[in-house]
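Fold and geometry: a report
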2 protein chains.
Amino acid sequence: MSSIFSEIDRVFVIVCSKATTAPFNLNDMPGSAGRMDLVCRFIAQVIFVSHGVRKDSMAIAVLKGEPDPPKAILVKGNEVRYMAPDERNIGGLIRKALSVNFKSGEQIGWVRSTPGIYVARKNLKDVLSELEDGGYRIYYLKENGEDIRSVKFGKKLAFVLGDHLGLSEEDEKIVEAYADVTVSLSPISLQADQCVVIVHYELDRSASRVHF
Amino acid sequence: MSSIFSEIDRVFVIVCSKATTAPFNLNDMPGSAGRMDLVCRFIAQVIFVSHGVRKDSMAIAVLKGEPDPPKAILVKGNEVRYMAPDERNIGGLIRKALSVNFKSGEQIGWVRSTPGIYVARKNLKDVLSELEDGGYRIYYLKENGEDIRSVKFGKKLAFVLGDHLGLSEEDEKIVEAYADVTVSLSPISLQADQCVVIVHYELDRSASRVHF
């Protein structure tokens, strides 16, 4: 049986401090759903390019909001179907994943909700530990780290970033236990989805190694 | 009286081939509103950074869809209020702007709809002509142009790009009459909002001129 990480070279993990862990109102994603709009934009930017998806990329959102934390949502570029880049479409798919019923207690594996979309009873440490076991090198995206243009990247990369509130002190300690490099992108503090666009862009340029 | 372009250094113009020119259903922006979701994401990426707006930036969307084309929507970073980066919020503000009643005939100036948001009976040529008169240098963002990292940028920049369908042959001729350089960003074909993020990023980095 193939791993959930098969053929995935780029993973982006966002920690969502307030995002709800139960089905929510699609008309109020920034409010009662705890900034679920931000999660949708993050996923869109991990997965989509013009007229297509990045088959080598995966988004993981660790949701810490009430009423049933923690839950993690995973979206695989090489399996996803019926997803459009607009927030309402992605929100609908997340909502569906959040309606999956977990058996009480031991259930910690990824459960498939719709094609390419999985949900699990995992916290940040569970996710990072699984990525480490899967052979990923983990990078923490944050201000005041090493300039992305100075970092030499290999294959199998995982980037961890916070939402609009940033990581809690506790979560930051967890990330720092797994990430040996903190990477920075810009002199300006950016939104999570903007960070994803820029990481993809820098990796695409260095992968192509051509002047175009 | 100050110009609509006061204190604006970066302008992004998108040409939206199908986007509706009348008030629309916020629950169906990708469908019956003619990919208005894409327009919302474009505006968000022109204007927002983490916890703030780019006061030096302006988005202009030229809407060519039925039933009342052409209309142009303009959003100014240094005037906008009550805007959040989610699609539904921005869509609501666009919808309000599209409900402005134009007097028949001569009305071609910008009409303020809500703070920082204007609407006009303008087509692509009107917009580019106004930008040229305002002292902007116009760049066409498209595949197979000059690499953005080779281009020397001054102040007062305007970037023109197409939506998911690209520019029509006719519109491309208009842009080429105003833009002396075609600029490319990436070896991969990207969505309009992703192009905006990257242009901002490259300009921010070259403006800061520091290794951070």
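This write-up is about the structure you can find in this document. Everything quoted here is computed from the prediction, not taken from an experiment.

The next point concerns the overall build of chain A. Regarding its fold elements, chain A presents five helices and ten strands. For 212 residues, the compact-globule estimate of 2.2 N^0.38 gives 17 Å, and chain A sits close to it at 16 Å. Its C-alpha atoms give chain A principal-axis dimensions of roughly 50 × 40 × 40 Å. For chain A, long-range pairs separated by at least 24 residues make up 70% of all intrachain contacts whose partners lie at least 6 apart in sequence. Surface summary for chain A: the accessible area is close to 8,900 Å², and the carbon and sulfur share equals 48%. Of note, chain A has its 27 positive side-chain charges centred 5 Å away from the centre of its 28 negative side-chain charges.

Counting residues in each nonpolar core, the largest one holds 107 residues, and the members touching the most others are M36(A), I43(A), I94(A), M36(B), I43(B) and I94(B). Core analysis: the second largest hydrophobic core is formed by 28 residues, I4(A), I8(A), V11(A) and I60(A) among them.

What follows is about the interface of chain A and chain B. On the chain B side, the residues contacting the 40 residues of chain A number 40 residues. Here chain A packs against chain B, burying approximately 3,600 Å² in sum over the two surfaces, 52% of which is carbon and sulfur. The interface formed by chain A and chain B holds four salt bridges in total. Seen at the junction of chain A and chain B, the total is 23 residue pairs in polar contact (both at pLDDT 80 or more). At the level of secondary structure, the elements contributing two or more residues to the side of chain A that touches chain B comprise α1 (36-47), β2 (48-49), α2 (87-98), β8 (137-147) and α5 (192-208) of chain A. Sorting elements by how many residues they give to the side of chain A that touches chain B places α5(A) first, with nine residues. Taken together, the residues of the side of chain A that touches chain B break down into 13 nonpolar, 14 polar and 13 charged.

It is worth spelling out empty space enclosed by the protein at this point. Taken as a whole, this structure holds three cavities of 30 Å³ or more when the rule is applied. In this structure, the largest cavity occupies an estimated 70 Å³ of space. If you go around the largest cavity, the residues you meet are R41(A), A44(A), Q45(A), P85(A), Q191(A), D193(A), R41(B), A44(B), Q45(B), P85(B), Q191(B) and D193(B). Broken down by secondary-structure element, the contributors of at least two residues to the lining of the largest cavity are α1 of chain A together with α1 (36-47) of chain B. Taken as a whole, the second largest cavity holds about 60 Å³ of empty space. Lining the second largest cavity we find Q45(A), F48(A), R54(A), V197(A), H200(A), Y201(A), D204(A), L190(B), Q194(B) and I198(B). Counting residues per element, the lining of the second largest cavity draws most heavily on α5(A), which supplies four residues.

Time to look at unusual backbone geometry. Residues and elements named next belong to chain A. Here the bond from P69 into P70 is cis, since omega is -10 degrees, no more than 30 degrees from zero. Even without being a glycine, E7 presents a positive backbone phi close to 65 degrees. Position of E7 among the secondary structure elements: in the segment before β1 (10-16). For E7, a relative accessible area of 69% gives the class exposed.

Counted under the stated rule, the structure contains 36 salt bridges over all chains. Residue D204(A) is joined to R10(A) by a salt bridge in which the shortest nitrogen-to-oxygen separation is 2.9 Å. Placement of the pair is D204(A) in helix α5 and R10(A) in strand β1, with a sequence separation of 194 residues. In this structure, D204(A) and R10(A) share a single accessibility class: buried. Between R149(B) and E202(B) there is a salt bridge; the shortest N-O distance is 2.8 Å. Of this pair, R149(B) sits in the loop between β8 (137-147) and β9 (157-162) while E202(B) sits in helix α5 (residues 192-208), and the two are 53 residues apart along the sequence. For R149(B), a relative accessible area of 35% translates into the label partly exposed. When its relative accessible area of 8% is taken as the criterion, E202(B) is described as buried.

We now examine the pairing of strand β6 (residues 111-114) of chain B. Remember that side chains alternate between the two faces of the sheet whenever the strand is regular. All names here are of chain B. Sheet topology places β6 next to strand β7 (residues 117-120); three bridges connect them, and they run antiparallel. Following the sheet pairing, T114 is matched in β7 by I117. A loop of two residues connects β6 with β7, the two strands running antiparallel in sequence, and G116 in this loop sits at a positive phi of about 80 degrees.

Below, the discussion takes up the relation of the copies chain A and chain B. Relative to chain B, chain A is turned by 180 degrees and slid 0.0 Å along the rotation axis, the superposed coordinates differing by an RMSD of 0.0 Å. With respect to symmetry, the two chain copies, as superposed, fit the operation of a two-fold axis. A symmetric contact is evident, with 100% of the interface residues of chain A recurring at the interface of chain B.

Right, let's get into the packing of aromatic side chains. Summed over the entire model, instances satisfying the criterion amount to eleven aromatic pairs over all chains. Pairing Y139(A) with F153(A) gives two aromatic rings, centres 5.0 Å apart and planes at 65 degrees, and the pair type is edge-to-face. Within this pair, whereas Y139(A) is found in strand β8, its partner F153(A) is found in the loop between β8 and β9 (157-162), the two being separated by 14 residues in sequence. Here F5(B) and Y136(B) contribute two aromatic rings whose centre-to-centre distance is 5.2 Å and whose plane-to-plane angle is 75 degrees, an arrangement assigned as edge-to-face. In this pair, F5(B) is assigned in the segment before β1 (10-16) and Y136(B) in the loop between α3 (124-133) and β8, connecting sequence segments 131 residues apart. Pair check on accessibility: F5(B) and Y136(B) agree, each one buried. A network of ring pairs unites the aromatic residues F12(A), Y139(A), F153(A) and F159(A) as a single cluster. Over the aromatic face of Y136(A) sits the side chain of K156(A), whose NZ or CZ is 4.7 Å from the ring centroid.

Criteria and thresholds
Residues numbered from 1 in each chain as written. Chains lettered and ligands numbered in written order. Predicted model: local features only at pLDDT ≥ 70, side-chain atom pairs only at ≥ 80, totals over all residues. Heavy atoms only, no water. Helix = DSSP H or I, 4+ residues; strand = E, 2+ residues; numbered from the N terminus. Rg over C-alpha atoms; globule rule 2.2 N^0.38 Å. Contact = heavy atoms within 4.5 Å. Areas by Shrake-Rupley, 256 points an atom, 1.4 Å probe, with all protein chains shown as cover. Lys, Arg positive; Asp, Glu negative; His and termini not counted. Charge placed at Lys NZ, Arg CZ, Asp CG, Glu CD. Core = buried A, V, L, I, M, F, W, Y, C linked by side-chain atoms within 4.5 Å. Buried < 20%, exposed > 50% of the residue type's maximum accessible area, 1.4 Å probe, protein only. Buried area = accessible area lost by both parts, 1.4 Å probe. Salt bridge = Lys/Arg side-chain N within 4 Å of Asp/Glu carboxyl O. Polar contact = N/O pair within 3.5 Å; in protein donor to acceptor, adjacent residues only side chain to side chain. Nonpolar A, V, L, I, M, F, W, Y, C, P; charged D, E, K, R; others polar. 1 Å grid on protein atoms, 1.4 Å probe; cavity = no way out; pocket = protein on both sides within 12 Å on 5 of 7 lines; lining within 4 Å. Points joined across faces, edges and corners; volume = space filled by probe spheres on them. Pairing = 2+ DSSP bridges. Least-squares fit on C-alpha atoms with pLDDT ≥ 70 in both. Phe/Tyr/Trp six-rings, centres within 6.5 Å; stacked < 30°, edge-to-face > 60°. Lys NZ or Arg CZ within 6 Å of the ring centre and 35° of its normal.

As far as function goes, none of this settles anything; it's purely spatial.
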